[in-house]
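Here is how the chains run, residue by residue.
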Amino acid sequence: MTLGISVRAFVTITIHFFSELLTGLGIVWLVFPHMVQSQALNQELEKYDYGKIIEQIKGQDPRSFGR
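To keep things clear, this report deals only with the structure shown in the data block.

Reading the values: rules and limits
All chains use their own residue numbering, which begins from 1 and follows the written sequence. Predicted model: local features are reported for residues with pLDDT of at least 70 only, side-chain atom pairs are reported and counted for 80 or more only, and whole-chain, interface and lining totals are derived from all residues. Note that water and hydrogens are dropped before the side-chain values are worked out from all heavy atoms of the structure. Comment: elements are numbered from the N terminus, with helices defined as DSSP H or I runs of at least four residues and strands as E runs of at least two. We call a residue buried when its accessible area falls under 20% of the maximum for its residue type, exposed when it is over 50%, and partly exposed in between, using a 1.4 Å probe and counting protein chains only. Working definition of accessibility: Shrake-Rupley area with a 1.4 Å probe, residue cover restricted to the visible protein chains. The criterion for an aromatic pair is that two Phe, Tyr or Trp rings (for Trp, the six-membered ring) have centres within 6.5 Å, with stacked assigned to planes under 30 degrees apart, edge-to-face to planes over 60 apart and tilted to the rest. A helix is expected to span 1.5 Å for every residue after the first. One axis fitted to the seven residues ending at a residue, another fitted to the seven starting there: the angle between these axes is the bend at that residue. Candidate patch residues must exceed 30% relative accessible area and have no salt bridge, after which like charges are joined if within 9 Å and Val, Leu, Ile, Met, Phe, Trp or Tyr side chains if within 5 Å. Here, a salt bridge means any side-chain nitrogen of Lys or Arg that lies within 4 Å of a carboxyl oxygen of Asp or Glu.

### Comments concerning the overall build of the protein chain
Thinking step 1. A count of helices and strands for the protein chain gives 2 helices and 0 strands.
Thinking step 2. By the burial criterion, 0% of the 67 residues in the protein chain qualify as buried.
Thinking step 3. In the structure as shown, the protein chain presents an accessible area of about 6800 Å², 67% of it carried by carbon and sulfur atoms.

Here it is in C-alpha cells:
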C-alpha cells in the first residue's frame, strides 16, 4: 500500500518540518529570557507611585535644578 508520495518528497517534507520546528524553538529560546526579565522589571516598577513623583517634579522650579 503506497500513499502516493516518493521517498525524496517525504525526506524533503520531513527536513522542512524539523527546520521550521527548530527555528521556532530558537526564537522562543532567545525571546523567553527577555520576557521574564521584562515581567520582573514591571513588577518592580509597580511598587513605586510614579504619579506622585511626576507631580512633585512638575511643582519644582526649573531654575532650581542642581541646587
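On we go from here.
### Some points on the packing of aromatic side chains
Thinking step 1. Scanning the model with the defined rule gives 1 aromatic pair in all.
Thinking step 2. When the centroid spacing of 5.3 Å and the interplanar angle of 70 degrees are considered together, the rings of Phe17 and Phe18 count as edge-to-face.
Thinking step 3. Classification of Phe18 by relative accessible area gives partly exposed; the value is 44%.

### Observations concerning helix H1 (residues 7–45)
Thinking step 1. Over its 39 residues, H1 extends 57 Å from the first C-alpha to the last, a length consistent with the 57 Å expected when each residue adds 1.5 Å.
Thinking step 2. Of all the bends in H1, the greatest reaches close to 30 degrees and is centred on Val31; the proline Pro33 follows between one and four positions later.

### A word on a nonpolar patch on the surface
Thinking step 1. A contiguous nonpolar patch, built from Ile27, Val28, Trp29, Leu30, Val31, Phe32, Met35 and Val36 and spanning about 870 Å² of accessible area, is present on the exposed surface.
Thinking step 2. Structurally, Met35 is set in helix H1.
Thinking step 3. The class of Met35 is partly exposed, set by a relative accessible area of 49%.

By themselves, these figures tell us nothing about what the structure is for.
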